[in-house]
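# Breakdown of the fold
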Amino acid sequence: AQTVTQSQPEMSVQEAETVTLSCTYDTSESDYYLFWYKQPPSRQMILVIRQEAYKQQNATENRFSVNFQKAAKSFSLKISDSQLGDAAMYFCAYRANDMRFGAGTRLTVKP
Amino acid sequence: KAGVTQTPRYLIKTRGQQVTLSCSPISGHRSVSWYQQTPGQGLQFLFEYFSETQRNKGNFPGRFSGRQFSNSRSEMNVSTLELGDSALYLCASSLQPTTSYNEQFFGPGTRLTVL
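Given the structure is predicted, the values throughout are model-derived calculations rather than measurements.

## Some remarks on the overall build of chain B
For chain B, the helix and strand inventory stands at zero helices and 11 strands. When the helices and strands of chain B are placed in sequence order, the string is β-β-β-β-β-β-β-β-β-β-β. Rg of the C-alpha trace for chain B: 13 Å, near the compact-globule value of 13 Å for 115 residues, within the 12% margin. If you line up chain B on its principal axes, its C-alpha atoms span 35 × 25 × 25 Å. In chain B, buried positions account for 51% of the 115 residues. Counted over contacts in chain B with a minimum sequence separation of 6, partners at least 24 positions apart contribute 55%. Approximately 5200 Å² of chain B is accessible, and the part contributed by carbon and sulfur atoms is 48%. Of the side chains in chain B, 11 bear a positive and 6 a negative charge, and the two mean positions are spaced by 3 Å.

And the structure:
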């Protein structure tokens, strides 16, 4: 069974600083996709960034980037120049046949 | 383009009743997935429909069922409600099935409370 583990239930970052959220997953599949979703207090889930497992190059989306280590089954999210609007629950997700989510990391941004 | 809509947004039911939740995907999207979100279990996949066919089903009892209509709108039904069914039910749509790279767009969810 595929499982996704987010070992940090809560993280805090100072505005304008950088923070890294951790995610590991377990799978026997070779072809899959990885995602980071953000769920603000309003509850609507928003895709932050995604990565195809066969691509070695780490995905980046503006201030968001990932460190994808396929052999280690690790997929961390780095948020640079943190903004107050980044405060939310962040979910790491794995998709092969269906979508599996981690338990989430609550990110607080301090002004 | 309108986003994913879910109705109703809030629902209160009692144990033993049944409930039907509705999801309208983004126009043109043919895949609809349902998830249950609870504080204890987190986000769990319920099932996915594509072109009116169920493609995948999560590890939930048979009390949870769904269907998709020809216009891609989807409904989820829970029969014989239990207290543990209280949760936020999220619907997500995408152009293609979830085995693809396509982004899933989530709706605001339906908050179900079972008393």
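There is more to say after this.
## Topic: the side chain of A:K38
Residue and element names in this part refer to chain A. As for its position among the elements, K38 is in strand β5 (residues 33-39). No salt bridge forms around the buried K38; measuring N to O, its nearest opposite-charge neighbour D86 is 4.4 Å away. Among the polar contacts made by the side chain of K38, one reaches the main-chain carbonyl oxygen of G85 at a distance of 2.8 Å. The residues contacting K38, other than those within four sequence positions of it, are Q44, M45, I46, V48, G85, D86, A88, M89 and Y90.

## A closer look at the pairing of strand β10 (residues 88-95) of chain A
Residues and elements named next belong to chain A. Burial analysis of β10 places eight of its eight residues in the buried class, the great majority of the element. Bridge count for β5 against β10 is seven bridges, and the pairing is antiparallel. Across the sheet, Q39 pairs through a bridge with M89, a residue of β10. As paired strands, β10 and strand β12 (residues 105-110) are joined by three bridges and run antiparallel to one another. Residue pairing in the sheet places M89 in a bridge with R106 of β12.

The rules behind each value
- Residues numbered from 1 in each chain as written.
- Chains lettered and ligands numbered in written order.
- Predicted model: local features only at pLDDT ≥ 70, side-chain atom pairs only at ≥ 80, totals over all residues.
- Heavy atoms only, no water.
- Helix = DSSP H or I, 4+ residues; strand = E, 2+ residues; numbered from the N terminus.
- Rg over C-alpha atoms; globule rule 2.2 N^0.38 Å.
- Buried < 20%, exposed > 50% of the residue type's maximum accessible area, 1.4 Å probe, protein only.
- Contact = heavy atoms within 4.5 Å.
- Areas by Shrake-Rupley, 256 points an atom, 1.4 Å probe, with all protein chains shown as cover.
- Lys, Arg positive; Asp, Glu negative; His and termini not counted.
- Charge placed at Lys NZ, Arg CZ, Asp CG, Glu CD.
- Salt bridge = Lys/Arg side-chain N within 4 Å of Asp/Glu carboxyl O.
- Polar contact = N/O pair within 3.5 Å; in protein donor to acceptor, adjacent residues only side chain to side chain.
- Pairing = 2+ DSSP bridges.

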